[in-house]
Amino acid sequence: MLGGGQASSPVASENIIELIGLGKTYRSEKGQEVNALVDVNLTVRRGEIHGIVGQSGAGKSTLIRCLTALEQPTSGQVIIDGTDVSHLKQSQLREARRNIGMVFQHANLLDSRTVAQNIAYPLVLAKRPKAEIKATVDRLLDFVGLTARANSYPSELSGGQKQRVGIARALADNPPVVLCDEPTSALDTETTRQILDLLTRLQRELGVTIVIITHEMGVVREICDSVTLLEAGQVVQSGPLSEIVQDVSSALAEEIVPFPSVDYADLNLSRDVLLDVRFTSQPGKPTGSAVLGLASQLGADLAAGTFETLGNTQVGRLALTLDRRHLSEAKAAFAAQGIFVKEVEVA
Ligand SMILES: Nc1ncnc2c1ncn2[C@@H]1O[C@H](COP(=O)(O)OP(=O)(O)OP(=O)(O)O)[C@@H](O)[C@H]1O
């Protein structure tokens, strides 16, 4: 444990972040209004990893700026660890911001300072005693596995190492919440894996609550306990990952478990239709083998398939081919078992 005061259980029931009726309207120079956030209601529980996803322009950056009190909302409240940060005086803001560590897409390190000095920076600004700063920096260097690089400069580090320094710096003041803005989108697959593992350790070993803004559904699938989809400034879907994926026809579930990759050259699409079949392991619903059994009874062939366990829910998504003469019979048979099925349009 690097510091005290943080929750010891990874997911507790208490809400650490509450957005209540949050709205933000920008006014352009020509006087036009842009509703960047509209009546956003959102809760994040202490100790969880919460993903926020949405297309470009959905309002993700505005949401981050409201969470860090860099932006004042037009309406509503932003409550972090019990404090409404949306209407604080300047003098109170500095204290409130210490509750949130920030991790950026490109780490945003100070090039003229060493790794250790970058991590120490927030503590130097906060005028902490030198001995305390050194002890914290040493612990954090060890935590992120960069003790040997303490005296290196950012230009001497790989992208993943820079991001680990950025994460250590975000932790320096021992915040209960860390906000990550696209933390892995500039990294390759292997480095992304390492950074996601490190973020999971922040949650498990330090009890830190993490909010990740991302466009990568793989990140949501790998490490998020809960997720929110923003669209045109509004919350379209929000909740625990295991509940979201159970609603197999929803926009988020469709993206979190994508349609399996199919080799179209192998298909006879002049005769067959391609079906997208989705199901989860809920009590009273057919198991994966029962779905495969039904598909085979109906004369369908398996072109590709994925099975994943997300939270405590097993999710399956199959690509089946079927002679189009049997389509309505098959749709009725799947529907009778409560299994989602949709014909895939092949361009
Ligand atoms: N300072 C501003 N003045 C006017 N409009 C703004 C301002 N900042 C953002 N907007 C508008 O608010 C909406 C939401 O923008 P925001 O940057 O929050 O979206 P985003 O989801 O972060 O997008 P991206 O993924 O591209 O960063 C957009 O329509 C954007 O044009």
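Residues numbered from 1 in each chain as written. Predicted model: local features only at pLDDT ≥ 70, side-chain atom pairs only at ≥ 80, totals over all residues. Heavy atoms only, no water.

Naming follows an unreviewed UniProt entry, where the chain appears as ABC transporter of Boudabousia tangfeifanii. The annotation that UniProt attaches to the chain under Subunit (unreviewed entry) is "Homodimer. Forms a membrane-associated complex with FtsX." In the Sequence similarities (unreviewed entry) part of its UniProt record, the chain is described as follows: "Belongs to the ABC transporter superfamily." (UniProt positions renumbered as here; feature names shortened; annotations may be inferred.)

**Student:** Could you give me a rundown of unusual backbone geometry, with the residues and numbers involved?
**Tutor:** Glycine aside, residues mostly have negative phi angles, and peptide bonds mostly take the trans form. A positive phi angle is found at Asp39, which is not glycine, with a value near 45°. Relative to the helices and strands, Asp39 is located in strand β2 (residues 33-45). Using a relative accessible area of 52% as the deciding quantity, one classes Asp39 as exposed. Positive phi is not limited to glycine here, since Lys127 has a value of about 55°. Summarising the element assignment, Lys127 is placed in the loop between α3 (115-125) and α4 (130-143). (Helix = DSSP H or I, 4+ residues; strand = E, 2+ residues; numbered from the N terminus. Buried < 20%, exposed > 50% of the residue type's maximum accessible area, 1.4 Å probe, protein only.)

**Student:** Account for the domain arrangement of the chain, naming residues and giving values.
**Tutor:** Structurally, the chain comprises domain 1 (15-251) and domain 2 (257-343). Centre-to-centre, using C-alpha coordinates, domain 1 lies 38 Å away from domain 2. Residue-level contacts link seven residues of domain 1 with twelve residues of domain 2. Taken over both partners, the interface formed by domain 1 and domain 2 buries close to 850 Å², and the fraction arising from carbon and sulfur atoms is 66%. Area buried by domain 1 at its contact with domain 2 is led by Arg221, Gln246 and Val248, which between them contribute 61% of it. Seen at the junction of domain 1 and domain 2, the total is one salt bridge. Its salt-bridge partner being Glu308, residue Arg221 comes within 3.6 Å of it at the nearest N-O pair. Taken together, the links from domain 1 to domain 2 amount to three residue pairs in polar contact (both at pLDDT 80 or more). (Domains from an automatic or database assignment. Contact = heavy atoms within 4.5 Å. Buried area = accessible area lost by both parts, 1.4 Å probe. Salt bridge = Lys/Arg side-chain N within 4 Å of Asp/Glu carboxyl O. Polar contact = N/O pair within 3.5 Å; in protein donor to acceptor, adjacent residues only side chain to side chain.)

**Student:** Kindly report on the pairing of strand β8 (residues 209-213), identifying the contributing residues and their values.
**Tutor:** With five of its five residues buried, β8 lies for the most part within the structure. The alternating pattern of β8 places Thr209, Val211 and Ile213 and Ile210 and Ile212 on opposite faces, both of which are buried. Relative to β8, strand β3 (residues 49-53) runs parallel, the two being bridged by four bridges. Across the sheet, residue His50 finds its bridge partner in β8, namely Val211. (Pairing = 2+ DSSP bridges.)

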